[in-house]
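What follows is the residue order along each chain.
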Amino acid sequence: MFAAESMVRTLINQGVEVCFTNPGTSEMHMVAALDRVEGMKSVLCLFEGVATGAADGYARMAGKPACTLLHLGPGAGNGLANLHNARRAFAPVVNIVGDHAIDHRPLDAPLTSDVEGVCAPMSRWVGTVKSAKDVSAMALEAVQQSYGPERGVASLVLPADCAWSDKEPQVLDAAQKPALNPVSADTVNQMASALKNAKSPIVYLGTTACLEDGLEAAGRVAEACGARLVMDTFVPRIARGHGRVSPTRLNYFGAMAMEELKECDLMVIVGTKPPVSFFAYPDAVGELTPEGADVQYLGTPSDDVTTALIQLADVMDAPKEATKADRAQAPDVNPDEPLNPGYVGISLMKHMPEDSVICDDATTSGMGVFPWTENGPRHDWLCLTGGSIGSGMPQAVGAALACPDQQVFALCGDGAAAYTLQALWTQARENQNVINVVFANHSYLVLNFELDRVGAGEPGPAAQQMLSLDNPKMDWVKLAEGFGVSACRATTAGEFDDALMAALKAEGPQLIVAEI
Ligand SMILES: Cc1ncc(C[n+]2csc(CCOP(=O)(O)OP(=O)(O)O)c2C)c(N)n1
Ligand SMILES: [Mg+2]
């Protein structure tokens, strides 16, 4: 047995079962190990941003890490944007990056770079294996670090000679995983009295508070004291659909968000931090909490806010069960209406199976779909936590692996989809249950709004060229087919509805181009 094999066995013992890979020569012993050892599924991705995005989607749905296997600094660099989204989602990821053998590094061969330096900004922990005997211990440490208690990306740099060594390989048993920090009874009691004394309180929810149990308890708290429930604009995962408590999603636009929050005199922060504007704008404030409002923390993303919310509801003598909406009926739609994101939302509300998973990378269009599915079939909605577009199709790869019996959707802007469309090939190769919707407005539409909002003036011809995607128009049917995914185009509400029903019946991944 060489060390790479002992490392794979150690990872499996910690519950790491999937590896999203794009390997090279320095990772060949890991590749061989994945071949020899049963219990770790390896999934080839054609671009590292797909591998890291898939690991993010997997972690959000499985609640545990997958690992990646990337090729030195350049491979890790290609994966950074989606590692950033994972870090901002507090999603546990074990990011394994191969490096040159230790003796080879001083020779400064072409692929030599500062691998730790590349990984550091998007990781909560970076470790480099210094000797073959440490390989499994470091892998175990990386898994532990990914669980935090502040969960996130743990990057492990693995020199080739450490991986290929066959001296004293060690397989380590399952270790206790770090749990989220408990919230003290004092904090719970303090929040209860603050909420009772406030005139217009908001319970502000993020991360694990937006999973089903957290929302249920938050709903009970709200009923006990009349608080409003508001969630971060971009949460890692929110449980939605009929029979679930549904907080207000804070508006993306700072001015509108401030309008939504302005009456509040107390913000109880649950699993997140107080809201800030996504960007700075001339003459606009960054912090969105109303001046004079009291801000108190039930807990941060590192705390077990689900248990704390349940305790808070009990302390406040809340009703045993929160009031929830029944499944809503979709409105009648004229099938000849030109397609827009709202009609896509209505079709999803009508046809998506219960317990679907929606990976939202559809900047302006996603905002148009979101309200429609609120009381539709139950689903999990995964947001663009780090604002780094190109997450949707890769995340869907990971979500489909974590939840093979659930229908997964990737909602993508046409701009966003063009970053990581290689994910389609992996979806096809793995025959995944994914429906990709590409919103073809042939534009970086949101940037048109942003140009105006930052006060940069009217777009001239050069600016227009940078914001428009219509010359040439991407042919998403051909692109999808080129990667082995069946695709069709819809231009009206009726065509989309038919396309969605057909996609749901079909085997394997599908892509619908929503011409809007
Ligand atoms: C990695 C990364 N690069 C660039 C950006 C800047 N950016 C934000 S939105 C956007 C365009 C989005 O276009 P599209 O996905 O088509 O959505 P639309 O605005 O048309 O709804 C760009 C380039 C970003 N957020 N992330
Ligand atoms: Mg677009």
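Up top you'll find the structure we're talking about.
All values reported here derive from a predicted model rather than from experimental measurement.

### Looking at the nonpolar core
- In this structure, L205 and L298 are the most contacted members of the largest nonpolar core, which totals 60 residues.
- With sequence-adjacent residues up to four places away left out, L205 is seen in contact with C210, L215, A218, L229, V230, M231, D232, V235, P247, V270, T272 and L309.
- Judged by nonpolar contacts, the second largest core, of 53 residues, contains L70, L80, C359 and L424.

### Regarding the coordination of the magnesium ion (ligand 2)
- The magnesium ion (ligand 2) binds to the protein through D414 (OD), N441 (OD1) and S443 (O); the donor distances cover 2.1 to 2.2 Å.
- Between the donor residues of the magnesium ion (ligand 2), the gaps in sequence give the motif D-x26-N-x1-S. Remark: S443 occurs in the loop between β16 (434–440) and α18 (445–453) and D414 occurs in helix α16 (residues 414–417); sequence separation between them is 29 residues. The burial state of D414 is the same as that of S443; both residues are buried.

### Regarding the state of the cysteines
- Scanning the entire structure with this criterion turns up zero disulfides.
- Its sulfur unpaired, C19 is 3.7 Å from the next cysteine sulfur, which belongs to C67.
- In this structure C403 is not part of a disulfide, and its nearest cysteine sulfur, from C359, lies 9.5 Å away.

### As for the packing of aromatic side chains
- Summed over all chains, the structure comprises seven aromatic pairs.
- Measuring from ring centre to ring centre gives 6.3 Å for F234 and Y252, while their planes differ by 80 degrees; the resulting arrangement is edge-to-face. Placement of the pair is F234 in the loop between β8 (228–231) and β9 (238–240) and Y252 in the loop between β10 (248–249) and α11 (254–261), with a sequence separation of 18 residues.
- On the basis of relative accessible area, Y252 is assigned to the buried category, the value being 17%.

### Section: the site of ligand 1
- Close to ligand 1 lie 16 residues, the nearest being T364, D414, G415, A416 and V446.
- The backbone of A416 places a nitrogen or oxygen atom 2.8 Å from an oxygen atom of ligand 1.
- Those elements that place two or more of their residues in the shell around ligand 1 are α14 (363–369), α16 and α18.
- Partitioned by chemical class, the residues of the shell around ligand 1 number seven nonpolar, eight polar and one charged.

### Concerning the sheet that holds β10
- Strand order in the open sheet made by the five strands is β10-β8-β7-β11-β12, with parallel pairing throughout. The sheet terminates laterally at β10 and β12 (294–299), the two strands that pair on one side only.
- Sheet contacts for helix α9 (residues 185–197): β7 (201–205), β11 (266–270) and β12; angle to β12, the most-contacted strand, approximately 145 degrees.
- Its contacts with the sheet place helix α12 (residues 305–315) against β7, β11 and β12, and it is angled at close to 110 degrees to β12.

### Brief notes about the pattern of salt bridges
- All told, the structure shown has 21 salt bridges when counted by the stated rule.
- Of the charged contacts in the structure, one is a salt bridge between K262 and E259, with a shortest N-O distance of 2.5 Å.
- Residue K262 is classed as partly exposed on the basis of its relative accessible area, which comes to 46%.
- In this structure, E354 and R327 form a salt bridge, with 3.6 Å as the shortest nitrogen-oxygen distance. Taken together, the residues span a long stretch of sequence, with E354 in the loop between α13 (341–351) and β13 (356–361) and R327 in the loop between α12 and α13 at a distance of 27 residues.
- When salt bridges with common partners are traced through the structure, they connect R327, E354, D355 and R378 into a single cluster.

### Thoughts on empty space enclosed by the protein
- Scanning all chains against the criterion turns up two cavities of 30 Å³ or more.
- Estimates place the volume of the largest cavity at around 40 Å³.
- What lines the largest cavity is I238, A239, R240, G241, R244, V245, S246, P247 and E374.
- Among the residues making up the lining of the largest cavity, the classes are represented as four nonpolar, two polar and three charged.
- Size it by volume and the second largest cavity reaches roughly 40 Å³.
- Lining the second largest cavity we find A3, S6, A132, K133, V135, S136, E168, P169 and Q170.
- Those elements giving two or more residues to the lining of the second largest cavity turn out to be α1 (3–13) and α7 (135–147).
- For the lining of the second largest cavity, a count of residues per class yields four nonpolar, three polar and two charged.

Quick notes on the rules
Residues numbered from 1 in each chain as written. Chains lettered and ligands numbered in written order. Predicted model: local features only at pLDDT ≥ 70, side-chain atom pairs only at ≥ 80, totals over all residues. Heavy atoms only, no water. Core = buried A, V, L, I, M, F, W, Y, C linked by side-chain atoms within 4.5 Å. Buried < 20%, exposed > 50% of the residue type's maximum accessible area, 1.4 Å probe, protein only. Contact = heavy atoms within 4.5 Å. Donors = N, O, S within 2.8 Å, 3.2 Å for Na, K, Ca; no water. Helix = DSSP H or I, 4+ residues; strand = E, 2+ residues; numbered from the N terminus. Disulfide = S-S within 2.5 Å. Phe/Tyr/Trp six-rings, centres within 6.5 Å; stacked < 30°, edge-to-face > 60°. Near = heavy atom within 4 Å. Polar contact = N/O pair within 3.5 Å; in protein donor to acceptor, adjacent residues only side chain to side chain. Nonpolar A, V, L, I, M, F, W, Y, C, P; charged D, E, K, R; others polar. Pairing = 2+ DSSP bridges. Axes fitted to C-alpha atoms, helices over the stretch in contact; angles between N-to-C directions. Salt bridge = Lys/Arg side-chain N within 4 Å of Asp/Glu carboxyl O. 1 Å grid on protein atoms, 1.4 Å probe; cavity = no way out; pocket = protein on both sides within 12 Å on 5 of 7 lines; lining within 4 Å. Points joined across faces, edges and corners; volume = space filled by probe spheres on them.

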